[in-house]
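Structure at a glance
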Amino acid sequence: MKPGLPWFIGLGLLALSALPVRADIALAGVSEASGPGAPAGTSFKNGYLMAIDEVNAAGGILGQKLVLTQHDIDTKPDAAKEAMAKAVAAKPFAILGPIFSGITLATMPITAGSGIPHFTGGEAASLTRKFHPTLMRSSLSQAGSAPRLASFLSYGAEPRNLALITIDNEFGRDGKAALLGVIKRRNINVGFDRPVKPGQTDFSKDIADLKASGADALLLYATENEAAGVLKEVRKQGFDKPVFADGLVAGQKVIDNAGGGTEGVLAHMIVSVDAPIAPLQAFTSRYTARFGSRPDHNSVKGYFSVQVIKAGLELAGKVD
């Protein structure tokens, strides 16, 4: 005991030093901040940021706080792999992101042997076909969602001559395969089939060709920036047939950037922040107040990932 220190204070310090030190629960975020994945990556990141803050404000998980190290990346495989290597080297409890399926695929070999839970909102069916030991998807797989979209289309419009526009990346190719499986079983003719490139901004020829095809309905399956560009051009050129799409077109960024092109589009939602369900409505209100914009399904995926971590650890009764 330190000379001159009152005996009761000294004993108190000795007792405190014998208590176990509760370390923080480290998380790493790897999300697309620029490039074609920025709208989805930002929404996903905002979702998990809000969840982390809310969990910590409520006392953390088993008395421990969540601490995030964020890695903002461009929507490029090399940038993602570099950031993921840094994230894994720090040995966090879990990794959140990326959200684009192709970017997630690029990073999966880095996390596969680490034992670190790797959360993604990516929907490409190929993600879970890789049998990654710790990959966790906070979304429906296309194997579940795409057939529902195709059935929605076939029963809702019963098109005789369908046009299909898809994004030429992992998300689009896997989704197209799942969609066509149902469309062919419904004996729907696909008379126009056009892949568009990631990052493409000029869709004038694609839509001119679409109009010339005589299609009586359009099925659009593309990521946010490209979907907004396609829909803007569809309205500009006066394509007036029914348009069906994946639920991401209902995201606020797509609505804002499509210049009215989303009006009248029929979308199949994985999860809707407009659903008349009290927890979702409360989530939407809190998100809008914090970030000044409405959330979308990617925001829910990010928020849900952190809540899964919380629920799992509380069920286990220890941080393990």
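Heads up: the structure comes first, above all this text.
Criteria and cut-off values
Residues numbered from 1 in each chain as written. Predicted model: local features only at pLDDT ≥ 70, side-chain atom pairs only at ≥ 80, totals over all residues. Heavy atoms only, no water. Helix = DSSP H or I, 4+ residues; strand = E, 2+ residues; numbered from the N terminus. Buried < 20%, exposed > 50% of the residue type's maximum accessible area, 1.4 Å probe, protein only. Contact = heavy atoms within 4.5 Å. Areas by Shrake-Rupley, 256 points an atom, 1.4 Å probe, with all protein chains shown as cover. Pairing = 2+ DSSP bridges. Axes fitted to C-alpha atoms, helices over the stretch in contact; angles between N-to-C directions. Salt bridge = Lys/Arg side-chain N within 4 Å of Asp/Glu carboxyl O. Expected span 1.5 Å × (residues − 1). Polar contact = N/O pair within 3.5 Å; in protein donor to acceptor, adjacent residues only side chain to side chain. Core = buried A, V, L, I, M, F, W, Y, C linked by side-chain atoms within 4.5 Å.

**Quick look at the overall build of the chain**
Secondary structure summary: the chain contains 12 helices and 10 strands in total. Across its three principal axes, the chain shows a C-alpha extent of roughly 95 × 40 × 30 Å. Split into buried and exposed, the 320 residues of the chain put 49% on the buried side. Contacts in the chain between residues at least 24 apart in sequence constitute 66% of all its contacts with a sequence separation of at least 6. As presented, the chain carries roughly 14600 Å² of accessible surface, and 57% of it is formed by carbon and sulfur atoms.

**Digging into the sheet that holds strand E5 (residues 135-137)**
Taken together, the five strands give an open sheet; going across it, the order is E2-E1-E3-E4-E5, and neighbouring strands pair in parallel fashion. Each edge of the open sheet carries a strand with a single partner, namely strand E2 (66-74) and E5. Strand-to-strand twist across the sheet, computed as the mean angle between neighbouring axes with direction ignored, equals 20°. Note: strand E3 (residues 94-96) against strand E4 (residues 118-120), two bridges, orientation parallel. Bridged to Ile95 within E4 is His118. Against the sheet, helix H3 (residues 77-89) makes contact with strand E1 (25-34), E2, E3 and E4, and its axis sits at roughly 160° relative to E2, the strand it touches most. Packing against the sheet, helix H12 (residues 297-316) makes contact with E1, E2, E3 and E4, and its axis sits at approximately 160° to E3.

**Quick word on the pattern of salt bridges**
In the structure shown here, the tally under the stated rule is 18 salt bridges. For Arg160, the salt bridge is made with Asp216, and the minimal N-O distance between the two is 3.9 Å. Taken together, the positions of Arg160 in the loop between helix H6 (142-157) and strand E6 (161-167) and Asp216 in the loop between helix H8 (204-212) and strand E8 (217-221) put the pair 56 residues apart, joining distant regions of the chain. Given the relative accessible area of 18%, Asp216 is considered buried. Overlapping salt bridges bring together Asp168, Glu170, Arg173 and Lys197 as one network.

**Some words on helix H7 (residues 170-185)**
Taking 1.5 Å as the rise per residue, H7 with 16 residues should run 22 Å; its terminal C-alpha atoms sit 23 Å apart, in good agreement. Among the residues of H7, the N-terminal cap falls to Asn169, whose side-chain oxygen and the backbone nitrogen of Phe171 are separated by 3.2 Å. One or two steps after H7, the chain reaches Asn187, where phi turns positive at roughly 60°.

**So, the nonpolar core**
General note: in soluble globular proteins, nonpolar side chains tend to be found buried as a group. Counting 42 residues, the largest nonpolar core has Ile165, Leu179, Leu210, Leu218, Leu219, Leu220 and Val249 as its most contacted members. Residue assignment for this core shows that the elements contributing at least two residues are H6, E6, H7, strand E7 (189-196), H8, E8, helix H9 (224-236) and strand E9 (243-246). Looking at this core element by element, the count peaks at six residues for H7. Aside from chain neighbours lying at most four places away, what touches Val249 is Ala227, Leu231, Val254, Ile255, Thr262, Val265 and Ala267.

**Digging into the pairing of E8**
Within E8, five of the five residues are buried, which leaves it mostly tucked inside the rest of the structure. With burial as the criterion, each face of E8 is covered, one bearing Ala217, Leu219 and Tyr221 and the other bearing Leu218 and Leu220. Relative to E8, E6 runs parallel, the two sharing five bridges. Note that in E8 the partner of Leu162 across the bridge is Ala217. Bridge count for E8 against E9 is three bridges, and the pairing is parallel. Note that in E9 the partner of Leu220 across the bridge is Ala245.

Don't take any of this as a statement about function, it's just geometry.
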